[in-house]
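Reading the structure
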Amino acid sequence: MADCNNCPAKDNCTSQDICTIKNNPYNFVKNIIGVMSGKGGVGKSTISALIAKDLKNKGYRVGVMDADITGPSIPRLFQIEDKRAAANEKGIIPITTKEGIKVISLNLLMEEEDKPVIWRGPILSGIVQQFWTDVLWEELDYLIIDMPPGTGDVALTVMQSIPLSGIIMVSVPQDLVSMIVAKAINMTKKLNIPILGIVENMSYVLCPDCNKRIQIFDGENTDQFLKEYGLSLIGELPMVKDIANISVNGNSELTDEVRNIFDSISNRIITTLN
Ligand SMILES: Nc1ncnc2c1ncn2[C@@H]1O[C@H](COP(=O)(O)OP(=O)(O)OP(=O)(O)O)[C@@H](O)[C@H]1O
């Protein structure tokens, strides 16, 4: 029988008898959102960080778990790459960013951030499990999990050993309708995890001189694809320098256009999970 007292899923769960999820008795996390993509490099980590910052701005208690163990970019996105997490008898203490967001990443536990982790799947999966069971998240309204790209071993571990409230799927226009995204969507559906929506990153380029939107890919089959899978597009982000530079400048350079898109994405998350 699972330990359900402080499980975020306890109100809607029907599988207490067979559930094997372990929860940390010190943690009370209300909502857990996995940010997933069919393949790497589409902006999943950047979007995880910017959703977390927007939720924090709205006054929520927010944490970010970097489950992309072999490509951990979350510490740099929060400019905490020089910090190292400590532990006490209760568990691992996440680093708190200047915005007040709690963050854990393997890089915050490694001596040097550029040392590769040459470990096989079961060890990587074990680390992700520990990020849930052994990190002192304490009370959070939202825990954002930057998932590893694709549908491999570690992604499966996140989905099976952490009680996710929902998934945000990140894609780029040229592969929104592709088989790779469909695989990730089907995996999520098979594991009965709700998809809160799709965020299309690098949807268009904004001309820095005239502010004209340039749509590089026409995305003509997108509507049909979304309809087929019963999903909605909850944000379309431009490809712009201020997003590419958040690990250097933080949020300070973000335009109102980009801020408004994240405001609307996080509002959708809040209302869907309420
Ligand atoms: N909308 C955007 N405009 C400009 N640059 C972007 C945008 N989104 C992401 N990038 C840049 O694209 C690169 C990849 O982004 P990111 O690391 O967030 O992707 P990822 O999907 O998490 O990658 P991985 O799967 O390898 O971890 C980064 O250099 C990031 O700064």
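Here, every reference points to the structure presented above.
Computed from a prediction, not measured in an experiment: that's the story for all the values here. (Residues numbered from 1 in each chain as written. Predicted model: local features only at pLDDT ≥ 70, side-chain atom pairs only at ≥ 80, totals over all residues. Heavy atoms only, no water.)

**Topic: the overall build of the protein chain**
When helices and strands are counted, the protein chain shows nine helices and eleven strands. Structurally, the protein chain occupies a C-alpha span of about 55 × 40 × 40 Å along its principal axes. Counting across all 274 residues of the protein chain, residues that qualify as buried make up 53%. If you take every contact in the protein chain between residues at least 6 apart in sequence, the share linking residues at least 24 apart comes to 76%. Between the mean site of the 26 positive side-chain charges and the mean site of the 33 negative ones, the protein chain shows a separation of 2 Å. (Helix = DSSP H or I, 4+ residues; strand = E, 2+ residues; numbered from the N terminus. Buried < 20%, exposed > 50% of the residue type's maximum accessible area, 1.4 Å probe, protein only. Contact = heavy atoms within 4.5 Å. Lys, Arg positive; Asp, Glu negative; His and termini not counted. Charge placed at Lys NZ, Arg CZ, Asp CG, Glu CD.)

**Digging into the pairing of strand 2 (residues 62-66)**
Most of strand 2 is tucked away: five of the five residues are buried. Of the two faces of strand 2, the one carrying Val62, Val64 and Asp66 and the one carrying Gly63 and Met65 are both buried. Inspection of the sheet shows strand 2 paired to strand 7 (residues 139-146) by five bridges, in the parallel sense. Looking at the pairing, methionine 65 lines up with isoleucine 145 of strand 7. Alignment of strand 2 against strand 6 (residues 102-104), held across three bridges, turns out to be parallel. Among the inter-strand pairings, glycine 63 is bridged to a residue of strand 6, identified as lysine 102. (Pairing = 2+ DSSP bridges.)

**Side note on the site of the ligand**
Taken together, 16 residues lie around the ligand, and Ser45, Thr46, Asp68, Asn201 and Pro238 are the ones closest in. The separation between an oxygen atom of the ligand and a polar main-chain atom of valine 42 is 3.0 Å. A total of 630 Å² of accessible area belongs to the ligand in isolation, and the protein chains cover 75% of it. Of all the elements in the fold, those that place two or more residues in the shell around the ligand are helix 1 (44-57), strand 9 (195-206), strand 11 (233-239) and helix 7 (241-244). By residue number, the principal contributor to the shell around the ligand is helix 1, which donates three residues. Its residues assigned to classes, the shell around the ligand comprises eight nonpolar, six polar and two charged. (Near = heavy atom within 4 Å. Polar contact = N/O pair within 3.5 Å; in protein donor to acceptor, adjacent residues only side chain to side chain. Areas by Shrake-Rupley, 256 points an atom, 1.4 Å probe, with all protein chains shown as cover. Nonpolar A, V, L, I, M, F, W, Y, C, P; charged D, E, K, R; others polar.)

**Notes on helix 3 (residues 121-133)**
With 13 residues, helix 3 should reach 18 Å at 1.5 Å per residue; the first-to-last C-alpha distance of 18 Å fits that figure. When helix 3 is considered as a whole, its buried residues turn out to be Gly121, Leu124, Ser125, Ile127, Val128, Phe131 and Trp132. The buried residues of helix 3 occupy one face: seen down the axis, they fall within an arc of 155°. Tucked into the core, helix 3 has its buried residues touching strand 1 (28-37), strand 2, strand 6, strand 7 and helix 4 (153-161). (Expected span 1.5 Å × (residues − 1). Arc of directions from axis to C-beta.)

**A word on the layout of surface pockets**
Counted as a void, the second largest pocket has a volume near 210 Å³. Mapped by element, the contributors of at least two residues to the lining of the second largest pocket are strand 11, helix 7 and helix 9 (256-273). Looking at the lining of the second largest pocket residue by residue, the class counts come to seven nonpolar, two polar and three charged. (1 Å grid on protein atoms, 1.4 Å probe; cavity = no way out; pocket = protein on both sides within 12 Å on 5 of 7 lines; lining within 4 Å. Points joined across faces, edges and corners; volume = space filled by probe spheres on them.)

**A short note on unusual backbone geometry**
The backbone of asparagine 192 shows a phi angle near 60°, a positive value even though the residue is not glycine. Of the residues examined, asparagine 192 reaches a relative accessible area of 68% and is grouped as exposed. The backbone phi angle of methionine 202 is positive, close to 55°, even though this residue is not glycine. Along the polypeptide, methionine 202 turns up in strand 9.

**A few points about the side chain of serine 37**
Its location among the elements puts serine 37 in strand 1. Residue classification places serine 37 among the buried residues on the basis of a relative accessible area of 0%. A polar contact is formed between the side chain of serine 37 and the backbone oxygen of lysine 39, at a distance of 2.7 Å. Residues within four places of serine 37 in sequence aside, it is in contact with Val42, Lys44, Pro149, Gly150, Met169 and Val170.

**Side note on the pattern of salt bridges**
One pass over the full model with this rule turns up ten salt bridges. Lysine 30 is the partner of aspartate 141 in a salt bridge, and the nearest nitrogen-oxygen pair spans 3.3 Å. Of the two residues, aspartate 141 sits in strand 7 while lysine 30 sits in strand 1, which places them 111 residues apart along the sequence. The class of aspartate 141 is buried, set by a relative accessible area of 10%. The partner of lysine 53 in a salt bridge is glutamate 99, and the shortest N-O contact between them spans 3.1 Å. With lysine 53 in helix 1 and glutamate 99 in the loop between strand 5 (95-96) and strand 6, this pair connects stretches of sequence that are 46 residues apart. It is possible to trace a salt-bridge network through shared partners that takes in Lys30, Arg61, Glu139 and Asp141. (Salt bridge = Lys/Arg side-chain N within 4 Å of Asp/Glu carboxyl O.)

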